[in-house]
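So the chains spell out like this:
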Amino acid sequence: MPEYLTVGHLLRQLQDLDPALPIRLAVNPDFPFTHYVGTGVVVQDGKAFIPDDGQEDYLPTSVRDALTWS
């Protein structure tokens, strides 16, 4: 996995998943919450930006463990 995710890498990781599967962002290992992913994408300065669309809930412990954030 590259240090910086590209659109191609993200597409390959998601291509075999159920298209109806909700996506959340896992944010901040010191204050672990899940956040909704915004629907708009802005391309500027050679990068694609996907906005956060608000906080949902605490990140499940099993996800923190899988991310090695414990």
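Residues numbered from 1 in each chain as written. Predicted model: local features only at pLDDT ≥ 70, side-chain atom pairs only at ≥ 80, totals over all residues. Heavy atoms only, no water.

(A) Focus on the sheet that holds strand E2 (residues 33–37). Strand order in the open sheet made by the three strands is E1-E2-E5, with antiparallel pairing throughout. The sheet is open, and its two borders are formed by strand E1 (24–27) and strand E5 (52–58), each paired with just one other strand. Each strand of the sheet is rotated relative to its neighbour by a mean of 35°, with strand direction disregarded. Relative to E5, E2 runs antiparallel, the two sharing four bridges. Its bridge partner being in E5, Phe33 is matched across the sheet by Tyr58. (Pairing = 2+ DSSP bridges. Helix = DSSP H or I, 4+ residues; strand = E, 2+ residues; numbered from the N terminus. Axes fitted to C-alpha atoms, helices over the stretch in contact; angles between N-to-C directions.)

(B) View of the pattern of salt bridges. Applying the stated criterion across every chain, the model contains one salt bridge. Between Glu56 and Arg24 there is a salt bridge, and its shortest N-O distance comes to 2.9 Å. Of this pair, Glu56 sits in strand E5 while Arg24 sits in strand E1, and the two are 32 residues apart along the sequence. Its relative accessible area of 35% is what places Glu56 among the partly exposed residues. Relative accessible area serves as the criterion here: at 35%, Arg24 is assigned to the partly exposed category. (Salt bridge = Lys/Arg side-chain N within 4 Å of Asp/Glu carboxyl O. Buried < 20%, exposed > 50% of the residue type's maximum accessible area, 1.4 Å probe, protein only.)

(C) A look at the packing of aromatic side chains. Enumeration over the complete set of coordinates arrives at two aromatic pairs. With centroids separated by 4.4 Å and ring planes inclined at 25°, the aromatic side chains of Phe33 and Tyr58 adopt a geometry described as stacked. Of this pair, Phe33 sits in strand E2 while Tyr58 sits in strand E5; the two residues are 25 residues apart in sequence, bridging distant segments of the chain. Put simply, the rings of Phe31, Phe33 and Tyr58 touch in pairs and so form one group of aromatic residues. (Phe/Tyr/Trp six-rings, centres within 6.5 Å; stacked < 30°, edge-to-face > 60°.)

(D) Seen up close, the side chain of Thr34. One can find Thr34 in strand E2. What Thr34 contacts, discounting residues up to four positions off in sequence, is Arg24, Leu25, Gln55, Glu56, Asp57, Tyr58, Leu59 and Pro60. (Contact = heavy atoms within 4.5 Å.)

(E) Summary view of the pairing of E2. Pairing between E1 and E2: four bridges, direction antiparallel. Within E2, the residue paired with Leu25 across the bridge is His35.

(F) Spatial organisation of the environment of Thr39. Assignment of secondary structure puts Thr39 in the loop between E2 and strand E3 (42–44). For Thr39, a relative accessible area of 83% gives the class exposed. The sequence separation of Thr39 and Glu3 amounts to 36 residues, and the corresponding C-alpha distance is 24 Å.

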